[in-house]
Amino acid sequence: MTKSELVEIIASKQTQLSVKDVELAVKTIIDLMSQTLSQGQRIEIRGFGSFSLHYRAPRAGRNPKTGESVQLTAKHVPHFKPGKELRDQVNDSLKAGY
Amino acid sequence: MGALTKADMAERLYEEVGLNKREAKEMVESFFDEVRSSLGHNEQVKLSGFGNFDLRDKKQRPGRNPKTGEEIPITARRVVTFRPGQKLKAKVEAYAGTQS
């Protein structure tokens, strides 16, 4: 499922809002999540999961083309931990034979 | 600073998009319900600008009860993994706060 398919599905299941409105709402949610993480703040969605940042220490890397060694600075990477409800729903799909 | 929750997202939709409070709350619920439902039907979810939620099937493997040391198999399972997109990775990389 892509973002535009998600918009279509949400729009088709309600009667109050236009596809345009739903599109803007979905974009707003995603932008807010990106913004939150880029400020180092967590996201917690009960039943779905939580997003946080993981720290990566600085390390010596190598340019794979030239073999030259380069110093890579410390950084943060996004991390998602699925919640119990999502874990169970996904695992049940395996048992159900999808 | 507390974590971002569904209530915060609904508040933003009310303030910035102009949905009424009920619509805003339902929109946030639908968003996560539909993503979860797609994953629950073994369908990957791709949110451009944010990242992909992928599914991986794991085979059964030997495990151990860490308390008793007893050997018990970890059964075959399907798990969700999140792969952040380039745009999100770039935004987050710049965060210079404390180690988390």
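Residues numbered from 1 in each chain as written. Chains lettered and ligands numbered in written order. Predicted model: local features only at pLDDT ≥ 70, side-chain atom pairs only at ≥ 80, totals over all residues. Heavy atoms only, no water.

S.K.: I would appreciate a short explanation of the overall build of chain B in the present structure.
M.R.: Looking only at helices and strands, one finds 3 helices and 5 strands in chain B. Its helices and strands in sequence order give chain B the pattern α-α-β-β-β-β-β-α, from N to C terminus. Whereas a compact globule of 100 residues would reach a radius of gyration of roughly 13 Å, chain B reaches 19 Å, over 25% beyond that. Dimensions of chain B along its principal axes, counting C-alpha atoms only, are 55 × 35 × 30 Å. Expressed as a percentage of the 100 residues in chain B, the buried residues total 32%. Within chain B, residue pairs in contact and separated by at least 24 positions form 29% of the contacts whose partners lie at least 6 positions apart. As presented, chain B carries roughly 6,300 Å² of accessible surface, and 47% of it is formed by carbon and sulfur atoms. In chain B, which carries 19 positive and 15 negative side-chain charges, the distance between the mean positions of the two groups comes to 8 Å. (Helix = DSSP H or I, 4+ residues; strand = E, 2+ residues; numbered from the N terminus. Rg over C-alpha atoms; globule rule 2.2 N^0.38 Å. Buried < 20%, exposed > 50% of the residue type's maximum accessible area, 1.4 Å probe, protein only. Contact = heavy atoms within 4.5 Å. Areas by Shrake-Rupley, 256 points an atom, 1.4 Å probe, with all protein chains shown as cover. Lys, Arg positive; Asp, Glu negative; His and termini not counted. Charge placed at Lys NZ, Arg CZ, Asp CG, Glu CD.)

S.K.: What's the story with the pairing of strand 2 (residues 49-56) of chain A in this structure? I'm lost.
M.R.: All names here are of chain A. Of the pairings in the sheet, the one linking strand 1 (residues 43-45) to strand 2 comprises 3 bridges and is antiparallel in character. For I45, the partnering residue across the bridge sits in strand 2 and is G49. Where strand 1 folds back onto strand 2 in an antiparallel hairpin, the turn is made up of 3 residues, including G47, whose phi is positive at roughly 85°. Of the pairings in the sheet, the one linking strand 2 to strand 5 (residues 75-82) comprises 8 bridges and is antiparallel in character. Directly across from L53, in strand 5, lies its bridge partner P78. (Pairing = 2+ DSSP bridges.)

S.K.: Quick question: what am I supposed to make of the pairing of strand 4 (residues 71-74) of chain B here?
M.R.: Side-chain positions along a regular strand alternate between the two faces of the sheet. Residue and element names in this part refer to chain B. Here 4 bridges tie strand 3 (residues 61-64) to strand 4, and the two strands are oriented antiparallel to one another. What sits directly across from R64, in strand 4, is E71. Where strand 3 hands over to strand 4, the hairpin turn is made up of 6 residues, of which G69 adopts a positive phi near 80°.

S.K.: Help me out: how do you make sense of the interface of chain A and chain B in this one?
M.R.: It is common to report an interface's size as the accessible area lost on association of the parts. Across the boundary between the two partners, chain A contributes 52 residues, which contact 57 residues of chain B. Interface of chain A and chain B: buried area, both sides summed, is about 5,100 Å²; carbon and sulfur atoms make up 70% of it. On the chain A side of the interface with chain B, the three residues burying the most area are M1, I29 and H76 of chain A, jointly 14% of the side's total. Viewed at the interface, chain B and chain A are joined by 3 salt bridges. Across the pair K75 of chain A and E93 of chain B runs a salt bridge, and its minimum N-O distance is 3.8 Å. At the junction of chain A with chain B, the criterion picks out 14 residue pairs in polar contact (both at pLDDT 80 or more). Among the secondary structure elements, those contributing two or more residues to the side of chain A that touches chain B are helix 1 (3-12), helix 2 (19-38), strand 1, strand 2, strand 5 and helix 3 (84-95) of chain A. (Buried area = accessible area lost by both parts, 1.4 Å probe. Salt bridge = Lys/Arg side-chain N within 4 Å of Asp/Glu carboxyl O. Polar contact = N/O pair within 3.5 Å; in protein donor to acceptor, adjacent residues only side chain to side chain.)

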